[in-house]
Every structure is written in C-alpha cells, then in structure tokens.
Amino acid sequence: MSVADVVNPIPDLICITGGIGSGKSVVARLLRLENYPVFDCDWEATVLMETDPEVKREVENLLGHDAYNADGSRNRQYISSRIFADEEMRKSLNAIVHAAVRKRMMEWRLSANRPAFVESAIPVVSGLAWLCEQVWIVDTPLDLRIARTIARSNLTEKEVRRRIQSQACEWTELERHWRIETIKNYRAFPAPANRETTK
C-alpha cells in the first residue's frame, strides 16, 4: 500500500521540486526571505539519520554498526558502498528515511503558518507529493543545470547526466497526477554558502 492510498493532501501545503541543478533551493531561499515556512527534506533526512534514535537503530539493523562513526555521525563511505552494490538494500534504507521525513514534516506542518512549502528533489519516490495540495516544478535549461552542478560538486558531466536521467521518472509521475505550476529559472544563481535549516 502506498502513501497515496492512505492520505489526503494537506491544505495549503505546496511542494517545490526540480532536478539536480534546477535552482529549487534558490526558490526556497526566496520564499524564506518573504517569511514563508519551508521544510528542507534533504536537511531533515541528514538530521534524522544522525540524531533520531529509532532511525539510527533501523539503519544499524539494516547495514550493521559500521554505518555510524564513533562520534555518531554517518559513515558515508561505508553506507554508499553497501547501498550502491545492492539495489534492494538501497530501497530499504530509503524506506526508513522517507518514512521518518514524512512523519517529521507532518509534525512541523502543525506548527507552520499557511501556506507552507516542502522542498524535495524526489517527492514521488519519497511519498511526499501525495501529502501536498500543489506541486511547483523549477525548470531550467539542461546545459545550465549541468554547469551549475559541476561548479558546486566534484561530479563529471557524465555523472551529472546520469543523475538527471535517474530523476526523470519523477516528472512523468507528477504530470500524471498533478496540475503542475512551472517556475522558469534561467539565471545563473550562485549556490548558497550554507544550507538553511528548516524553519
């Protein structure tokens, strides 16, 4: 049973999404400057994986105690080596993290003003899209997306294109179920110096 089978959209909750390098984080930052609450799913996933006892227990049960360093932080190299070698394990880890992020988002939504926004690169896979009343896609030309991503990471153009292709199923599914609002983002905004925490 999927999230779509058991929930109704939350009123005035809007999803901001877009592929890697599209500029969705810039849109989220502009909304925060206008005092709109924005839930950053990537940030929350990181926080939950490193601070939530239940999430950490489930991750260790799945991947072993080596999933965490002695200081409690994630052992990124170890986790990557395990999940990229085993597709079913990757899906299992995602299920743990996505469920925790959805729960945290719904708790946050109770205290957030309306309208509120959720920033997510994978709203369909994570199940978050089904919770949102609207979906906004940030659209940017492919060549600009590739250039932005290369500039802020150590990825090669081939690796960036592979990631972009892996996200393509998100947009197909979104177009089947939602009336999409598209935000054109053609300016070469610099990447934020620091990620803002959820407000």
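What this report covers is the structure whose coordinates are included nearby. Here the structure is a predicted model, which is why all the values come from computation and not from measurement.

A closer look at the overall build of the protein chain
Counting its regular elements, the protein chain contains nine helices and five strands. Ordered by position in the sequence, the α and β elements of the protein chain form the string β-α-β-α-α-α-α-β-α-β-α-α-α-β. Residues classed as buried in the protein chain amount to 43% of the 199 residues present. Across the protein chain, contacts joining residues at least 24 apart in sequence account for 76% of those joining residues at least 6 apart. With an accessible surface of roughly 11400 Å², the protein chain has 50% of that area assigned to carbon and sulfur atoms.

A look at unusual backbone geometry
Residues other than glycine seldom take positive phi values, yet aspartate 12 does so here, at roughly 60°. Along the chain, aspartate 12 falls in strand β1 (residues 10-17). When its relative accessible area of 30% is taken as the criterion, aspartate 12 is described as partly exposed. Positive phi, normally seen in glycine, also occurs at asparagine 35, with a value near 70°. Position of asparagine 35 among the secondary structure elements: in the loop between α1 (24-33) and β2 (38-40). We classify asparagine 35 as exposed; its relative accessible area is 67%.

Examining the nonpolar core
If you look at the biggest cluster of nonpolar residues, it comprises 36 residues, and the most contacted ones within it are Val59, Leu63 and Met105. Looking at this core, the elements that each hand over two or more residues are β1, α2 (41-51), α3 (53-63), α4 (76-83), α5 (87-111), β3 (116-119), β4 (132-139) and α9 (168-177). Ranked by the residues each element gives to this core, the list is headed by α5, at eight residues. Membership of the second largest hydrophobic core comes to eight residues, among which are Ile14, Leu31, Val38 and Val138.

Some details on the packing of aromatic side chains
Throughout the structure, instances matching the rule amount to three aromatic pairs. Aromatic pair phenylalanine 39 and tryptophan 108: ring centres 5.3 Å apart, planes at 55°, arrangement tilted. Pair noted here: phenylalanine 39 is in strand β2 and tryptophan 108 is in helix α5, with a separation of 69 residues, a long-range link. Since its relative accessible area comes to 0%, phenylalanine 39 is described here as buried. An aromatic cluster is built from Tyr36, Phe117 and Trp136, whose rings are joined through pairwise contacts. Positioned above the aromatic ring of tyrosine 68, the side-chain terminus of lysine 56 is 4.9 Å from the ring centre.

Considerations on the environment of leucine 131
Looking at where leucine 131 falls in the secondary structure, it is placed in the loop between α6 (123-126) and β4. The class for leucine 131 is buried, based on a relative accessible area of 2%. Once the C-alpha coordinates of leucine 131 and isoleucine 10 are considered, the two residues, 121 residues apart in sequence, prove to be 5.6 Å apart.

Rules used throughout
- Residues numbered from 1 in each chain as written.
- Predicted model: local features only at pLDDT ≥ 70, side-chain atom pairs only at ≥ 80, totals over all residues.
- Heavy atoms only, no water.
- Helix = DSSP H or I, 4+ residues; strand = E, 2+ residues; numbered from the N terminus.
- Buried < 20%, exposed > 50% of the residue type's maximum accessible area, 1.4 Å probe, protein only.
- Contact = heavy atoms within 4.5 Å.
- Areas by Shrake-Rupley, 256 points an atom, 1.4 Å probe, with all protein chains shown as cover.
- Core = buried A, V, L, I, M, F, W, Y, C linked by side-chain atoms within 4.5 Å.
- Phe/Tyr/Trp six-rings, centres within 6.5 Å; stacked < 30°, edge-to-face > 60°.
- Lys NZ or Arg CZ within 6 Å of the ring centre and 35° of its normal.

Don't take any of this as a statement about function, it's just geometry.
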